[in-house]
Amino acid sequence: MENQKPHELVLAQAILNTPEEDNETPEQDPGGNPFKLVVDPALRFNLKQALIELIINHEEWLSQQIGDGKITLDSYKEYVELFARSLRETMETREGVAYLLRASGFKVDVKDINMSPAWRWTDKA
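Since this is a predicted model, take the numbers as computed values, not measurements.

## Examining the overall build of the chain
Now for step 1: Broken down by element type, the chain carries four helices and zero strands.
Now for step 2: The secondary structure elements of the chain, listed N-terminal to C-terminal, are α-α-α-α.
Now for step 3: With 125 residues in all, the chain has 18% of them scored as buried.
Now for step 4: At a minimum sequence separation of 6, the contacts of the chain that also span at least 24 residues come to 54%.
Now for step 5: Of the roughly 10,200 Å² that the chain leaves accessible, carbon and sulfur atoms contribute 55%.

## Some words on the packing of helix α2 (residues 41–67) against helix α4 (residues 94–103)
Now for step 1: The contact between α2 and α4 brings their axes to 8 Å, and the two run at 135°. By the criterion of interaxial angle, the relationship of α2 to α4 is oblique. When you trace α2 past α4, the crossing you get is right-handed. Taking contact as the criterion, the partners of N46, L47, A50, L51, E53 and L54 in α2 are, on α4, Y99, L100 and A103.

What counts and what doesn't
Residues numbered from 1 in each chain as written. Predicted model: local features only at pLDDT ≥ 70, side-chain atom pairs only at ≥ 80, totals over all residues. Heavy atoms only, no water. Helix = DSSP H or I, 4+ residues; strand = E, 2+ residues; numbered from the N terminus. Buried < 20%, exposed > 50% of the residue type's maximum accessible area, 1.4 Å probe, protein only. Contact = heavy atoms within 4.5 Å. Areas by Shrake-Rupley, 256 points an atom, 1.4 Å probe, with all protein chains shown as cover. Axes fitted to C-alpha atoms, helices over the stretch in contact; angles between N-to-C directions. Parallel < 35°, antiparallel > 145°, perpendicular 65-115°, else oblique. Left-handed = near helix turned anticlockwise from the far one by under 90°.

These values are about where atoms sit, not about what they do.
Okay, structure coming up:
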């Protein structure tokens, strides 16, 4: 939180009431509306960290496969394309989404994950 930008929205009350001594993430409602009042900076931070770890793991795996001669490359462009494919294929699975949910503090059964959430745009005109 020390790198908080001046344009951040106010902290959610749940963050302010989190016990500091045990650093536990408060139980959250995975079906709750995260943007009704505020955007929770702690949730955003946890999600960003999980994505960074996912990217690092995929990059290390892909580099190892290439280093072991299991995958061949013709260019750096192809490396980026394979890297993107690896991430996409992970995030298209319930397990990939479950990883992000767990890292964000949610306890959701894998079978309850919606793999095709609808965009619900509002008409503000």
